[in-house]
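Here is how the chains run, residue by residue.
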Amino acid sequence: MRKNIVAGNWKMNNDLAETSEFLTHLKMQLVKEPEAEVYIAPAYTSLYHAFQTVKDTPIKVAAQNMHHEKKGAFTGEVSAQMLQSVGVTTVILGHSERRAHFQETNELLAQKVSAAMEADMTVIFCFGEELKERKAEEHFDVVKIQLQEGIFHLKKEDWKNVILAYEPVWAIGTGETASPEQAQEVHAFVRKSIADKYDRETADEVSILYGGSVKPNNAKEIFGQEDVDGGLIGGASLNAIDFLAIVNAFE
Ligand code: PGA
């Protein structure tokens, strides 16, 4: 059975003190057995502290990015091995901000995905179309290519360590959410693409999150869609009360 998951992507927000305060609150307020697996992705500088703070709780810590090489002359970069050394075993890859502002291509992402798998990490792999692509009705093609070039090189066995996140770029941080039907339509398409490439079992087991302006007031309807297994939350994950409300939005 695939899992419900809610992951908070803090982006470049929250310093060490703010991370500590948030996680202490979240830990106290979160029910012992939440309906969803909960991830928080703070900045690199807070990862060690975050992991230490939540290690005996159901909350998991993810990184927002990593480099595909193990080590070497890559100033400013962090490897899978370094993340693991501070207790972090999950990484977000392919976020649209990384693709847009840091020129991360499908080809580069495929290398990062492979490096993460080799290091036995879980990957939250993001993909989604831009507004002009949606308007041109190219969203299915764009999503298919992102999957084919970025992650469909994995072996069937690797998929137990994959979480997907469909994030239409036009809905990220804009307050404009894809309608539950629009999300469902793409999620079903993604699941079918996985079934065609691998098999039905692999497709049915992978959790596919929706991301893009998920808030407490729309989470329930979006998560209620058959192929939506939770959310990757940006803005609303910075407020512990809102984030908890989203975690508790499963029926
Ligand atoms: P948002 O961001 O919830 O602020 O739209 C989502 C994301 O970027 O993952």
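Before reading further, recall that the structure is shown in the block above.
Structural notes, computed from the coordinates. (Residues numbered from 1 in each chain as written. Predicted model: local features only at pLDDT ≥ 70, side-chain atom pairs only at ≥ 80, totals over all residues. Heavy atoms only, no water.)

**Digging into the overall build of the chain**
Of the regular secondary structure elements, the chain holds 11 helices and 8 strands. In summary, the chain has a C-alpha radius of gyration of 17 Å against a globular reference of 18 Å for 251 residues, a match within 12%. Dimensions of the chain, computed from the C-alpha atoms along their principal axes, are close to 45 × 45 × 35 Å. Counting only residues that meet the buried cut, the chain has 54% of its 251 residues in that class. Partitioning the contacts of the chain with sequence separation of at least 6, the portion at a separation of at least 24 is 70%. For the chain, the exposed area adds up to about 11,800 Å²; of that, 50% sits on carbon and sulfur atoms. Placing the 25 positive and 38 negative side-chain charges of the chain at their respective mean positions leaves the two points 4 Å apart. (Helix = DSSP H or I, 4+ residues; strand = E, 2+ residues; numbered from the N terminus. Rg over C-alpha atoms; globule rule 2.2 N^0.38 Å. Buried < 20%, exposed > 50% of the residue type's maximum accessible area, 1.4 Å probe, protein only. Contact = heavy atoms within 4.5 Å. Areas by Shrake-Rupley, 256 points an atom, 1.4 Å probe, with all protein chains shown as cover. Lys, Arg positive; Asp, Glu negative; His and termini not counted. Charge placed at Lys NZ, Arg CZ, Asp CG, Glu CD.)

**A look at the site of the ligand**
Close contacts around the ligand come from 13 residues, with Lys 11, His 95, Glu 167, Gly 173 and Ser 213 the closest. In this structure, Ser 213 approaches the ligand through a main-chain N or O atom, which is 2.7 Å from an oxygen atom. At a separation of 2.8 Å, an oxygen atom of the ligand approaches a polar backbone atom of Gly 235. Computed on the free molecule, the ligand has an accessible area of 280 Å², of which 97% lies beneath the protein chains in the complex. Residues of the shell around the ligand, tallied by class, amount to 4 nonpolar, 7 polar and 2 charged. (Near = heavy atom within 4 Å. Polar contact = N/O pair within 3.5 Å; in protein donor to acceptor, adjacent residues only side chain to side chain. Nonpolar A, V, L, I, M, F, W, Y, C, P; charged D, E, K, R; others polar.)

**Here's the deal with the pairing of strand β3 (residues 59-63)**
Taking burial as the measure, the 5 residues of β3 include 4 buried ones, the bulk of the element. Direction of pairing for strand β2 (residues 37-41) relative to β3: parallel, over a ladder of 3 bridges. Pairing of Ile 40 across the sheet is with Val 61, part of β3. At this point the chain moves from β2, through helix α2 (residues 44-54), to the parallel β3, and the crossover so formed is right-handed. Here β3 pairs with strand β4 (residues 90-93) via 2 bridges, running parallel. Within the sheet, the bridge partner assigned to Ala 63 lies in β4 and is Val 91. (Pairing = 2+ DSSP bridges. Right-handed = clockwise from strand over helix to strand, strands pointing away.)

**Comments concerning the pattern of salt bridges**
Inspection of the entire model under this criterion finds 16 salt bridges. The partner of Asp 227 in a salt bridge is Arg 2, and the shortest N-O contact between them spans 3.8 Å. Pair noted here: Asp 227 is in the loop between α10 (216-223) and β8 (230-233) and Arg 2 is in the segment before β1 (5-9), with a separation of 225 residues, a long-range link. Between Asp 229 and Arg 191 there is a salt bridge, with its nearest N and O atoms 2.8 Å apart. Residue Asp 229 is located in the loop between α10 and β8, and its partner Arg 191 is located in helix α8 (residues 180-197); the two are separated by 38 residues in the primary sequence. Here the two residues Asp 229 and Arg 191 agree in accessibility, since each one is buried. When salt bridges with common partners are traced through the structure, they connect Arg 2, Arg 191, Asp 227 and Asp 229 into a single cluster. (Salt bridge = Lys/Arg side-chain N within 4 Å of Asp/Glu carboxyl O.)

**Comments concerning the packing of helix α7 (residues 139-150) against α8**
Between α7 and α8, the least distance of the axes is 11 Å, while the angle of their chain directions is 40°. Taken together, the axis directions place α7 and α8 in an arrangement best described as oblique. Considering only the axes of α7 and α8, their crossing is right-handed. Contact residues: α7 offers His 139, Phe 140, Val 143, Lys 144 and Leu 147, while α8 offers Glu 185, Val 186, Phe 189, Val 190 and Ser 193. Its residues assigned to classes, the contact of α7 with α8 comprises 6 nonpolar, 2 polar and 2 charged. (Axes fitted to C-alpha atoms, helices over the stretch in contact; angles between N-to-C directions. Parallel < 35°, antiparallel > 145°, perpendicular 65-115°, else oblique. Left-handed = near helix turned anticlockwise from the far one by under 90°.)

**Overview of the packing of aromatic side chains**
Under the definition given, this model contains 10 aromatic pairs. Between Phe 125 and Phe 127, the aromatic rings sit 6.4 Å apart at their centres with planes inclined by 25°, giving stacked as the arrangement. Three or more aromatic residues joined by ring pairs make a cluster, and in this case those are Phe 125, Phe 127, Tyr 166 and Tyr 210. Directly above the ring of Phe 102 sits Arg 98, whose terminal nitrogen or CZ lies 4.0 Å from the centroid. Geometry around Tyr 198 places Lys 197 over its ring, the cationic atom sitting 6.0 Å from the centre. (Phe/Tyr/Trp six-rings, centres within 6.5 Å; stacked < 30°, edge-to-face > 60°. Lys NZ or Arg CZ within 6 Å of the ring centre and 35° of its normal.)

Everything listed here is a matter of geometry and, on its own, says nothing about what the molecule does.
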